[in-house]
Amino acid sequence: MSYALELKDLRKNFGKTEIIRGANLAVNAGERVAIIGPNGAGKSTLFNLISGRFGPSSGEILLNGQNIEHKTPFEINRMGLSRSFQITNIFPKLSVFENLRCAVLWSLGYKYTFLKFLSGLKDANDLTEKYMEMIRLDKKRDLLAMNLTYAEQRALEIGITIAGGSNVILLDEPTSGMSKSETSRFINLIKEVTVGKTLLTVEHDMGVVFGLADKIAVVVYGEVIAFDTPEAVRSNVKVQEAYLGSHVADAQVGGH
Amino acid sequence: MSTYKFKPYNVGRWVIWSMFAIVLICAPLVFTSNLSGTILAQMGIAIIACLSYNILLGQGGMLSFGHAVYTGLGSFVAIHALNTISAGQLNIPVSLIPLVGGFAGIGFAVLLGYVTTKKAGTPFAMITLGVAELVFAMSLMFSEFFGGEAGISGNRVAGQAFWGITFGPQTQVYYLIAIYTFICVAIMYAFTQTPLGRILNAVRDNPERVEFIGYNTQRVRYFAFIIAGFFAGISGGLGALNFEIVTAEVVGAGRSGGYLLFTFLGGATFFFGPIIGGILMVLAFVLLSELTKAWLLYLGLLFLFMVMYAPGGIASLIMMNLRVASFGKLKQIWVSYLGLFVTSFIALIGAGAMIEMVYHLQLNATLGDTLKFMGATLNVKSVDSWFGSTFVMLTGLGLFEVLRRQFLIEWSDIQIEIEKEIKRRETA
């Protein structure tokens, strides 16, 4: 049986600097994985490699057993992987409805057609309405995305990501910039919309991590140093040294 | 605001399209002179050209500096097709010549657009500029196809007359153009309501994100470019029929610049903006150029003014005021509008007097020192004339600026009131 997503000795150089240094990861279908790690560890780069934004220098990425490391973002998306962005990345001059409808069109097979009217695509419109209710933006249907509040834009960002029906979802810091109360509501939303899907999320907020994830992957200096259940990761010595240990070290330096 | 809709209700849509058809049918019955006949025909052609350009600019965010390549090459292929019909070697009705131009447009867009649409943004603009220069240079090299300096002329009374329609009289050509205009406008509007049309808007807004929802942005741009090329070619083909002569000027940079300028002036963010732009283009090229030698200068000033104060073009001005009117608040600001209009007119008179005097000095110095301007006699060598016109201009500008600031305050107050009104209605 193949994994939903598998990284094999993945490496990425920017010039002479090696950012991802032999990352290995194997995610089973349906698992929720939180990727944590200190700033600059390469979490976002890892997402960019998986989603095809950058090509890796070497190594393999397998999506449902198929190699995707040399494919373009849209090819990877068509194979069933979708991602969101840390900095809100939506279509500002389109309405909420149009934003979501654009995201469902390819998955329903409409491709580049200009011989059908959008208003006649009942399946696409129904599906769009469904997602709009899911992310609680049905009351903002015809508002331009640029006029939404920040939290609403983040919800739309998630909506666009899941609307294509992909089975593997990558969320890059979905709650960044949100208040505490917004964050907890948002985690419930994410749980709800990703039922039955494989979820990978980059997160800094430990509350979010433990609330959301079945498994935690710890990335330090471009390597996955631990990948296990939250409890196991918490007690992992390597993690404590590399990740939590740095805080201890900092505190000690500050104390002297 | 920037979704391309006339009205959400189909009734409104029927009314608007019927009115459009009636205007097209009745225009030559109202404006009966020879001059207005050719102007109306050219307006139809310009409307198609500007709308096709707006598929790139307004809907796809592609700033093309070479759209005349596709209208112009469409014209050339059309006129050659017309001459082949005249020679009896081709048996298609003259009324289909514009379609020949359209298919030529598709052909060249498939060929040249493949390179052009590989990039977006600034590189795209640069490549269109390069392609335009390339084609213009070729037009001087291959005189068999482009006819050299004299161009290629043809005769639209060719082949067999269909129901007695020979296309000899201008009226018959006008109605042919009107039919093409109506159908092309309708199809181009329909295009904005299709999946490709909407994804094109998404590519305009955020090309990177489009790649992550399964679409190849390069291909979206390419397909849109080909469609724009088709309608550009139709417009070119109609031009060939209308003028019966095609010169290298039609693929030139000036023509391309005209499409850009007037599409922008009309308003690229609304579907109907370029229709206004096309009408203005013909009025400027035919009437304004008759009125004054300095017409390009005035046009430049107008363009500058619009880019700075109304970047959404005339269409957005109309829509903004319709919104204000629909909340019954237009009566609060119409006095300001009147003031703005009068003061800007005063400033324009002063500036115009000076511009005309400069042109007179440079071009018509042999005709003496005096010229007529709006009923007044100006002397280009006299201090009084210069002082007077400077004074008028500065007075106009000063008053305009004062009123403009006042107007901005009133305008933002009204917008706040409207927002409140909307909130109130939502909760009610």
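Here, every reference points to the structure presented above.
First, a word on what this report is: a plain description of the structure on this page. (Residues numbered from 1 in each chain as written. Chains lettered and ligands numbered in written order. Predicted model: local features only at pLDDT ≥ 70, side-chain atom pairs only at ≥ 80, totals over all residues.)

Now for the overall build of chain B. Scanning chain B from N- to C-terminus turns up 16 helices and four strands. What you see for chain B is a C-alpha radius of gyration of 24 Å, in line with the 22 Å of a compact globule of 428 residues. When its C-alpha atoms are laid out on the principal axes, chain B stretches across 70 × 65 × 45 Å. Looking at chain B as a whole, 42% of its 428 residues qualify as buried. (Helix = DSSP H or I, 4+ residues; strand = E, 2+ residues; numbered from the N terminus. Rg over C-alpha atoms; globule rule 2.2 N^0.38 Å. Buried ≥ 20, exposed ≤ 12 C-beta atoms within 10 Å, placed from the backbone.)

On to the interface of chain A and chain B, then. Many analyses report the size of an interface as the accessible area lost when the parts associate. The interface of chain A with chain B comprises 30 residues on the first partner and 25 residues on the second. Breaking the side of chain A that touches chain B down by element, the ones donating at least two residues are helix 2 (73-78), strand 6 (81-83) and helix 3 (96-105) of chain A. Of the residues belonging to the side of chain A that touches chain B, the class tally is 16 nonpolar, nine polar and five charged. (Contact = placed C-beta atoms within 7 Å. Nonpolar A, V, L, I, M, F, W, Y, C, P; charged D, E, K, R; others polar.)

On to the sheet that holds strand 10 (residues 223-228) of chain A, then. All names here are of chain A. Strand order in the open sheet formed by six strands is 6-7-8-3-9-10, with mixed pairing between adjacent strands. Whereas interior strands pair on both sides, the edge strands pair on one side only; in this sheet they are strand 6 and strand 10. The mean angle between the axes of side-by-side strands here comes to 20 degrees, regardless of whether they run parallel or antiparallel. Alignment of strand 7 (residues 168-172) against strand 8 (residues 198-202), held across five bridges, turns out to be parallel. Bridging across to strand 8, Ile169 finds its partner in Leu199. Its contacts with the sheet put helix 1 (residues 43-50) on strand 3 (32-36), strand 6, strand 7, strand 8 and strand 9 (215-220), and the angle it makes with strand 7 is roughly 145 degrees. (Pairing = 2+ DSSP bridges. Axes fitted to C-alpha atoms, helices over the stretch in contact; angles between N-to-C directions.)

On to the pairing of strand 1 (residues 5-14) of chain A, then. Residue and element names in this part refer to chain A. Relative to strand 2 (residues 17-27), strand 1 is paired through eight bridges, and the arrangement is antiparallel. Looking at the pairing, Phe14 lines up with Thr17 of strand 2. Taken together, strand 1 and the strand that follows it, strand 2, pair antiparallel across an intervening segment of two residues, in which Gly15 is found at a positive phi of about 65 degrees. In terms of strand pairing, strand 1 meets strand 4 (residues 58-63) through five bridges, oriented antiparallel. Bridging from a neighbouring strand, Glu6 pairs with Leu62 of strand 4.

By themselves these figures say nothing about function.
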